[in-house]
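# Notes for the structure review
Each chain is listed here by its residues.
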Amino acid sequence: VNKQDLETSQVPAPAASLAVPAPAGTASQPAPSSDGLAKRRARTGRALLAPAVIIVGVVLLFPIVYAVVVSFTQVSITNGRIALGARTLSNYHIVFTSSRWQHDLLFTVGYAAVSVPVEVAMALGAALLLQHIRRGRGMAVAILLIPWAIITVIVAELWEYIFDPNYGALTWLFSQIAGHPVDVVASTSGAIFAIFITDCWKNVPFLALIVLAGLLMIDFDLYEAAAVDGAGRWQTLRSITLPQLRGALSLAVIFRLLAAFGLFDIPFILTGGGPSLSTESLSLLGYTVMFQDLKFGPATAISLTTGLLVLLVCVVAVRLLRSGGTNDLGI
Amino acid sequence: MLLVVIGPLLWLFITSLKPESEMGNYPPTLLPQHPTLQNYSQAWSYYRFWRYLVNSLIVCTVTTLTTVAVGTAAGYALARSRLKHARAIMIAFLGIAVTPGIALIVPIYMLERDIGWLNSYEGLIVPYIAITIPLTVWILRNFFSRIAPEMEEQAYVDGATPLRTLWSVMVPQAAPAMFTAGVFVFNACYLEFLISLSINSAPTYRTVPVGIALFGTEYTVPYGPIFAASFIAIVPMIAIVMIFRKTLVSGLMAGAVKG
């Protein structure tokens, strides 16, 4: 988020100064006084903003506050209705001490930490290749936009079929290479690999577009200057392209980090959290505890801590990516 | 590279045309020996896919229209009206935009359960609107703050009210940005799974992703009908991406550069 940009507000020129002085004798509309106009604009502004703020506040903020209350309460279901009992810390205690939650936290954080940099690096590679395509780039870009527009559940079903142990296309290919039957999703590492491949197919093309947008914004003169100075390809990449791409890459990293921490659709379809819960993410755990075990207290504790974790990661990532912003490589 | 994107989709389409007897071929046959549309008719009527498609269209259309209207108004106000807490509101919106679905669905589910909104259109539309507003506001606010203020000022000089100025001067200029935001919102709702699965699990109100995910049982996954339904579901979105690629990509790039 560009701080400066947030603070920049368009200062309208006072209306009166723009009004052409009316020739004497002709009836002219008096220009509204700039003070009155500013007030009127602020009033209209508040009215225009109100629906968005009210909807988000009532529909999202209120439930979150309610969830905080619930998470510190003994929750029971009586006659099909949720009943709140005494105040307690037990919901959090149950969650934090459960080895299943600890595993899922580790899996979610680990998956995000490994998959995000790899996906962004792949996107960077793709964007660097695409940059040099002149003819048909519009079509290439449209094709890269396709996975973004495909329902994640469908993507997961498709890759589940491709990895199917009995008739999957990749299963067949891997078996030919290995020389013996391979069941990819039967092992923990294989299941994580399958999730990662699916994730990449769905998200890397979109990331590549973000990076490509950044690449195309780089001033061509910088490359020419580097060429004049006799910089090689690798050097140009390191001292011009990457520093200039900082904004686009940061955006890609943050965008993916957030999504990776909310990982749900792909493991839900592809592995069901298996084998033996090894690919269960925090979201999957929250869903299971809420809707299968019907333990609302612990479920709110899981969901709130996950939300808090994401918020924390987001703040840290924004700080980190912003602080190193100066380019000290020089040119 | 582009082949890696297209290949699996072709595989999806090819598989959707294979009769059940060819589904289990191993090694898999590249092309269907006896192409058939039986998967399509089965998905459409036996698995009631048309229901899910109608549900998705209702939910996504209502959400998109509402969100873009509300978000355009708010984006304009934040860009132009010099409100006191504009920065704080933008940051709050951003914070909400990054909150993962699981953190929202648990409290929303409990409240909707209490007011009897589970398995209904409003039960899904209302949270979708709230979730997609922040991003829409963000896109449109950035767009409006890049438009030169001259035309707007001229409208004021001519005595137009702020509301009238927004409607007849700014909205026509913002149409491409509103369209881009609309496609983003529609897509986000169309593929949303966790909230839809939690709130509308009854067959009458299932959306496309939930419907497709629940085609299978614990023991069998009917890939033929799943891919037939999937193909029907993805064609409209692919068409939109292809037809409006210029508008979408320039909107996306503006967002990326701005971010």
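Residues numbered from 1 in each chain as written. Chains lettered and ligands numbered in written order. Predicted model: local features only at pLDDT ≥ 70, side-chain atom pairs only at ≥ 80, totals over all residues. Heavy atoms only, no water.

## So, the nonpolar core
In this structure, Phe 49, Ile 105, Phe 144, Tyr 190 and Val 208 of chain B are the most contacted members of the largest nonpolar core, which totals 178 residues. Dropping the residues within four chain positions of it, Phe 49 of chain B is found in contact with Ala 43, Trp 44, Val 208, Ile 212, Phe 215, Ala 229, Ile 232 and Ala 233 of chain B. (Core = buried A, V, L, I, M, F, W, Y, C linked by side-chain atoms within 4.5 Å. Buried < 20%, exposed > 50% of the residue type's maximum accessible area, 1.4 Å probe, protein only. Contact = heavy atoms within 4.5 Å.)

## Points about the environment of Ile 240 of chain B
Residues and elements named next belong to chain B. With respect to the element layout, Ile 240 can be found in helix α12 (residues 223–243). Separated by 54 residues in sequence, Ile 240 and Phe 186 place their C-alpha atoms 11 Å apart. Those residues within four positions of Ile 240 in sequence are excluded, and the remaining contacts are Val 183, Arg 245 and Leu 248. (Helix = DSSP H or I, 4+ residues; strand = E, 2+ residues; numbered from the N terminus.)

## Here we look at the interface of chain A and chain B
Each partner contributes residues to the interface: chain A has 106 residues there, and chain B has 102 residues. Put simply, chain A and chain B have zero salt bridges between them. Along the contact surface separating chain A from chain B lie four residue pairs in polar contact (both at pLDDT 80 or more). Per element, the largest residue contribution to the side of chain A that touches chain B is 24 residues, and it comes from helix α3 (residues 34–71) of chain A. Classifying every residue of the side of chain A that touches chain B by side-chain character gives 74 nonpolar, 20 polar and twelve charged. (Salt bridge = Lys/Arg side-chain N within 4 Å of Asp/Glu carboxyl O. Polar contact = N/O pair within 3.5 Å; in protein donor to acceptor, adjacent residues only side chain to side chain. Nonpolar A, V, L, I, M, F, W, Y, C, P; charged D, E, K, R; others polar.)

## A short note on the confidence of the model for chain A
All names here are of chain A. Looking at chain A as a whole, its pLDDT mean stands at 83, while 86% of the residues score no less than 70. A low-confidence stretch, residues 1–30 stays under pLDDT 50, and its non-local contacts, those more than four residues away or across chains, total 37 contacts. With pLDDT under 50 throughout, residues 325–331 is counted as low confidence; its partners more than four residues away or in other chains account for eight contacts. (pLDDT = per-residue confidence, 0-100.)

## Concerning unusual backbone geometry
Residue Leu 294 of chain A is not a glycine yet carries a positive backbone phi of 55°. Counting through the fold element by element, Leu 294 of chain A comes out in the loop between α14 (282–291) and α15 (296–323). Owing to a relative accessible area of 47%, Leu 294 of chain A belongs among the partly exposed residues under this scheme. A positive phi angle, near 55°, is found at Arg 48 of chain B, a position not held by glycine. Its place among the elements puts Arg 48 of chain B in the loop between α3 (38–46) and α4 (49–80). Residue classification places Arg 48 of chain B among the partly exposed residues on the basis of a relative accessible area of 36%.

## Description of the confidence of the model for chain B
With 97% of its residues at a pLDDT of 70 or more, chain B shows a mean pLDDT of 88. Scoring of the predicted complex yields 0.87 for pTM and 0.92 for ipTM.

## Remarks on the environment of Asn 55 of chain B
All names here are of chain B. By the element assignment, Asn 55 lies in helix α4. By relative accessible area, which is 0% here, Asn 55 ends up buried. Placed 18 residues apart in sequence, Asn 55 and Leu 37 show a C-alpha to C-alpha distance of 24 Å. Those residues in contact with Asn 55 that lie beyond four places of it in its chain are Tyr 121, Pro 203, Thr 204, Tyr 205 and Arg 206.

## Topic: helix α5 (residues 86–97) of chain B
Residues and elements named next belong to chain B. The end-to-end C-alpha distance of α5, which contains twelve residues, comes to 16 Å, matching closely the 16 Å that a straight helix rising 1.5 Å per residue would cover. Among all positions in α5, only Ala 86, Met 90, Phe 93 and Ile 96 are buried. Along the axis of α5, the buried positions cluster into a sector of 125°, meaning they face one direction only. (Expected span 1.5 Å × (residues − 1). Arc of directions from axis to C-beta.)

## Some points on the pairing of strand β2 (residues 81–87) of chain A
All names here are of chain A. Here five bridges tie strand β1 (residues 73–78) to β2, and the two strands are oriented antiparallel to one another. Within the sheet, the bridge partner assigned to Ile 77 lies in β2 and is Ile 82. In sequence, β1 turns back onto β2 through a hairpin of two residues, with Asn 79 there showing a positive phi of about 50°. (Pairing = 2+ DSSP bridges.)

## Thoughts on the pattern of salt bridges
In this structure the tally under the stated criterion is four salt bridges over all chains. A salt bridge links Glu 280 of chain A to Arg 100 of chain A, with the nearest nitrogen and oxygen atoms 2.7 Å apart. Of the two residues, Glu 280 of chain A is situated in the loop between α13 (265–270) and α14 and Arg 100 of chain A in helix α5 (residues 99–131); the sequence distance between them amounts to 180 residues. When its relative accessible area of 3% is taken as the criterion, Glu 280 of chain A is described as buried. The salt bridge partner of Arg 80 of chain B is Glu 152 of chain B, with a shortest N-O separation of 2.5 Å. Taken together, the residues span a long stretch of sequence, with Arg 80 of chain B in helix α4 and Glu 152 of chain B in helix α8 (residues 150–157) at a distance of 72 residues. Residues Arg 80 of chain B and Glu 152 of chain B agree in their burial class; the two are buried. Linked through salt bridges whose partners overlap, the residues forming this network are Glu 119, Asp 199 and Arg 256 of chain A.

## Let's talk about the side chain of Asp 104 of chain A
Residues and elements named next belong to chain A. In this structure, Asp 104 sits in helix α5. For the buried residue Asp 104, which engages in no salt bridge, the nearest side chain bearing the opposite charge is Arg 100, 4.5 Å off. Once residues within four sequence positions are removed from consideration, Asp 104 is found in contact with Leu 277, Glu 280, Ser 281, Leu 282 and Leu 285. (Lys, Arg positive; Asp, Glu negative; His and termini not counted.)

## Notes on a nonpolar patch on the surface
Residue and element names in this part refer to chain B. A cluster of nonpolar residues, Trp 44, Trp 50, Val 54, Ile 58 and Val 62, forms a patch on the protein surface that exposes about 390 Å² of accessible area. The greatest single-element share of the nonpolar patch, amounting to four residues, is contributed by α4. Relative to the helices and strands, Trp 50 is located in helix α4. Residue classification places Trp 50 among the partly exposed residues on the basis of a relative accessible area of 33%. (Patch = residues over 30% accessible without salt bridge, like charges linked within 9 Å, V, L, I, M, F, W, Y side chains within 5 Å. Areas by Shrake-Rupley, 256 points an atom, 1.4 Å probe, with all protein chains shown as cover.)

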